[in-house]
Amino acid sequence: MRAVFLVLALLLSVPGDADAQRRETGFLFRTLALGDSTYRYQVYVPPEYTPRRRWPVILFLHGAGERGTDGLAQTQVGLPAAIRRGVERWPAIVVIPQARPEQSWTGEMERLALSALARTEREYHTDPARVYLTGLSMGGYGTWSIAARHPGRFAALLVVCGGVHPPAR
């Protein structure tokens, strides 16, 4: 009889389907190793996230003033700041990489942004038809640049105060 109670107690302590589906939400710190460097970035996951449906994903590229290595400054302006003012208006997963000082959204920083996006798409139940790219200022330039090198990757772009560097002739 004691063995029956022990088995029953063990079965009741195993997480059920609801627990297995529960995920951490909000602004989440992440790290990503590329080559010899480790980069900090954040992912915003809405409070109502569930893997039972596909979620849109937004890749947000910050401006020059938010460059750094803390993994935090890039969340203080633009889209992340708007999310904090009204989470109910942003039913999407948002990937928020941080460019290193003196870097722009080309080369290694482009690889960082796209790698963080790819990792997020693997980690969460996202909708590949609803992947968006946005950026402001330096991030706006990066948005045009990345989209030009990856045609068809993004459903839409939103550029704020960014331009295009014409190709060298």
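As a reminder, the structure under discussion sits directly above these lines.
Cut-offs used in this document
Residues numbered from 1 in each chain as written. Predicted model: local features only at pLDDT ≥ 70, side-chain atom pairs only at ≥ 80, totals over all residues. Heavy atoms only, no water. Pairing = 2+ DSSP bridges. Helix = DSSP H or I, 4+ residues; strand = E, 2+ residues; numbered from the N terminus. Phe/Tyr/Trp six-rings, centres within 6.5 Å; stacked < 30°, edge-to-face > 60°. Buried < 20%, exposed > 50% of the residue type's maximum accessible area, 1.4 Å probe, protein only. Lys NZ or Arg CZ within 6 Å of the ring centre and 35° of its normal. Polar contact = N/O pair within 3.5 Å; in protein donor to acceptor, adjacent residues only side chain to side chain. Contact = heavy atoms within 4.5 Å.

Draft legend 1. The arrangement of the pairing of strand β1 (residues 26-34) in detail. In the sheet, β1 pairs with strand β2 (residues 37-45) via nine bridges, with the strands oriented antiparallel. Bridging from a neighbouring strand, Leu32 pairs with Tyr39 of β2. In this antiparallel pair of consecutive strands, β1 and β2, the connection spans two residues, and Gly35 shows a positive phi of 60°.

Draft legend 2. Layout of the packing of aromatic side chains. Using the criterion set out here, one finds three aromatic pairs in the structure. Residues Phe27 and Tyr44 carry aromatic rings whose centres are separated by 5.1 Å and whose planes lie at 50° to one another, so their mutual orientation is tilted. Here Tyr44 lies in strand β2 and Phe27 lies in strand β1, a separation of 17 residues in the sequence. For the pair Tyr49 and Tyr124, a centre-to-centre distance of 5.3 Å together with 90° between the ring planes defines the contact as edge-to-face. Residue Tyr49 is located in the loop between β2 and β3 (55-61), and its partner Tyr124 is located in the loop between α4 (108-123) and β5 (126-136); the two are separated by 75 residues in the primary sequence. The same class applies to Tyr49 as to Tyr124, namely buried. Residue placement shows Arg84 over the ring face of Phe27; its charged tip is 4.1 Å from the ring centre.

Draft legend 3. Broad picture of the pairing of β2. Bridging between β2 and strand β4 (residues 93-97) involves four bridges; their strand directions are antiparallel. Note on β4: the bridge partner recorded for Tyr44 is Val94.

Draft legend 4. Representation of the side chain of Gln42 in the model. Here Gln42 lies in strand β2. A distance of 2.8 Å separates a polar side-chain atom of Gln42 from the backbone oxygen of Gly71. When neighbours within four sequence positions are excluded, Gln42 is seen to be in contact with Phe27, Leu28, Phe29, Gly71, Leu72, Gln74, Thr75, Val94, Val95 and Ile96.

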